[in-house]
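# Fold and geometry: a report
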Amino acid sequence: MLFLLLVAMLAIFTVVSILYQIKGLQKAIQKWDKFGLLPNYCFFAPNPLLNDYRIVFKRINSEQEEWEEVPIYMEFKIVRIFWNPFKYYNKGLIDSCHFLIDEFNVLENKKGIQFSVFYLNILTLISNFLKEERNYKNESIVRFSIVSSKGIKDIAIDHVMFASYNQII
């Protein structure tokens, strides 16, 4: 008898959980879910980003005039479905780019962005990337930009989302 009661409760919970995924029924079912036990499965965030960010930088005091890209995306491998410790690092960088752009758009004094945590986070990323290179010289003057792009292999730059001031790192 107890077993049948347990199976019945789980069956009801499963059916109600499935019905709860339908947007029109959520409010009606939510009235009965006082403890918030019903799961809400979403494949995407409420406001997903519509493009990819790329961080590019240029060393002002060197002979090299081209912009270089800091690799923030990894090549896809099937093992990443099961084991991907890089996921949080990548998410943090993308969020830093997104929040830096939002913060810059809100600021009245645009030079104040240099003291932003997100600005400093990206500068640290570029500094660490440069330190891994063999031809790094201390106190490089760097300018970086965040650009939006589409595509994986053939990258098409849409537009510049943020451009920094010259910064010594």
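Please refer to the structure placed before this passage.
Definitions and limits used
- Residues numbered from 1 in each chain as written.
- Predicted model: local features only at pLDDT ≥ 70, side-chain atom pairs only at ≥ 80, totals over all residues.
- Heavy atoms only, no water.
- Patch = residues over 30% accessible without salt bridge, like charges linked within 9 Å, V, L, I, M, F, W, Y side chains within 5 Å.
- Areas by Shrake-Rupley, 256 points an atom, 1.4 Å probe, with all protein chains shown as cover.
- Salt bridge = Lys/Arg side-chain N within 4 Å of Asp/Glu carboxyl O.
- Helix = DSSP H or I, 4+ residues; strand = E, 2+ residues; numbered from the N terminus.
- Buried < 20%, exposed > 50% of the residue type's maximum accessible area, 1.4 Å probe, protein only.
- Polar contact = N/O pair within 3.5 Å; in protein donor to acceptor, adjacent residues only side chain to side chain.
- Contact = heavy atoms within 4.5 Å.

### Remarks on a nonpolar patch on the surface
Together, F76, I78, V79, I81, F82 and W83 make up an exposed nonpolar region whose accessible area comes to about 790 Å². With respect to the helices, strands and loops of the structure, I78 is situated in the loop between β2 (68-70) and α3 (86-106). Given a relative accessible area of 59%, I78 falls into the exposed group.

### Quick notes on the side chain of S116
By the secondary structure assignment, S116 is in the loop between α3 and α4 (117-132). Side-chain polar atoms of S116 contact the backbone nitrogen of F118, separated by 3.2 Å. With residues up to four places along the chain from it excluded, the contact list for S116 reads L100 and E103.

### Side note on the pattern of salt bridges
In the structure shown here, the tally under the stated rule is three salt bridges. R59 is paired through a salt bridge with E68; the nearest N and O atoms lie 2.8 Å apart. For the pair R59 and E68, one class covers both residues: buried. Note that D95 is salt-bridged to K91, the shortest N-O span being 2.7 Å. Here D95 and its partner K91 are both found in helix α3, four residues apart, which amounts to about one turn of the helix. On the accessibility criterion, K91 (49% relative accessible area) is partly exposed.

Remember, this is a structural readout, not a statement about activity or role.
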